[in-house]
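Below are the chains, spelled out letter by letter.
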Amino acid sequence: MSENKIKLQINIFGDFSSIQPNMETIRSLTKNLEEFEFLPQYFQENSLTIKNVEGDVVDELRSPDFSSKKRLRLSSIDENYIIEFSSNIISINVRKENDKLEDEISKIASVSMGELRSSRIGIIIIEERDYIPDSVKPSISYYDELDELDEFEIRLNRRKKINVNNVEQLSNVIINISKPFIFKEVQNKLVQYVCDINTIPENEELRFSSDDVISFLKEAKSQGISMFESLNGD
C-alpha cells in the first residue's frame, strides 16, 4: 500500500428533515459525542419566530426550500471528523485514520441518525499520489509518457453486490484517477485516486440502520483499498 494517507467520506441518504438546525440539536449532538469535542461551524435555522414586546409569539416565518442545503456542520477540535447535515444527507468526513476508526464512526453515525433509517449508503475513499499508474497507461503512443501528461482522467464503474449485515446490496463500484490541468508555470504532479462505492439509487426503501452503515463501511473500505493496492502492484 502507498504511504500516502487516505481521506474518507461516508454519505448516508434518507429523510433527515426532522433533525432541526437549532441550538437544541447542537447541544444534544455535542453532549452525546463529547469525547470528540465537536463544535458547530455553522447552522441555519429553517424558521424565524417573531415575538412582540411582551414576549408572545405573533408569527413564524419558514424558509420555503431546504431540500438540498447544508443546514448544520459540526467539526471536532482536532478536525479529524466533520459532520454535515442536510434534509436528505448526513455526511461524515474523516481527515485522519486511527485504530479506533470503525468504532468512532459507529458512534457518530448512531448518534447522528438516532432511530432514523437510510435508503442509501456511500463511501468515498480519496488518496493522492505523485504518479499515474502504469496499469492504466493509454494505448495511444503519443500519450504513453505518463510523466509528461499535463492532464489525465479515467473513470470506471461496475455494479456488484456488497454484503451489508448478511444481506447482498447491489452497489456501484466506481474508481476515478485524475490529474487536473493547472494554469501555472510549475507542472502539476498531483494525481488523485478516488474510489466511490455506493448502494444503487433506484432502491429508495428506508432499509438501513446505523449498524448497517458500519457493516457497509467495513466491506466497502476493504474493497476500495484493495483496488488502490492493485494499481501498479503496490
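Residues numbered from 1 in each chain as written. Predicted model: local features only at pLDDT ≥ 70, side-chain atom pairs only at ≥ 80, totals over all residues. Heavy atoms only, no water.

Enquirer: When you look at the pairing of strand β10 (residues 167–179) in this model, what are you seeing that I'm missing?
Expert: When a strand is regular, its side chains alternate between the sheet's two faces. Of all 13 residues that make up β10, 10 are buried, and the element is covered over most of its length. The pairing of strand β9 (residues 152–164) with β10 spans 13 bridges and is antiparallel. Residue pairing across strands places arginine 159 opposite asparagine 172, the latter belonging to β10. The turn linking β9 back onto β10 is made up of two residues, and asparagine 165 within it adopts a positive phi angle of 50°. (Buried < 20%, exposed > 50% of the residue type's maximum accessible area, 1.4 Å probe, protein only. Helix = DSSP H or I, 4+ residues; strand = E, 2+ residues; numbered from the N terminus. Pairing = 2+ DSSP bridges.)

Enquirer: Help me understand the layout of surface pockets in this model?
Expert: Over the atoms rolls a probe the size of a water molecule, and in doing so it shows where empty space is left. Each pocket or cavity is described by its volume, and for the largest pocket that value is around 210 Å³. Taken together, 13 residues make up the lining of the largest pocket; nearest its centre are Ile19, Gln20, Thr25, Ser28 and Leu29. Listed by contribution, the elements that provide at least two residues to the lining of the largest pocket are α1 (23–32) and α2 (101–113). Per-element tally for the lining of the largest pocket: the top contributor is α1, with four residues. Partitioned by chemical class, the residues of the lining of the largest pocket number six nonpolar, six polar and one charged. (1 Å grid on protein atoms, 1.4 Å probe; cavity = no way out; pocket = protein on both sides within 12 Å on 5 of 7 lines; lining within 4 Å. Points joined across faces, edges and corners; volume = space filled by probe spheres on them. Nonpolar A, V, L, I, M, F, W, Y, C, P; charged D, E, K, R; others polar.)

Any link to function would need more than the numbers given here.
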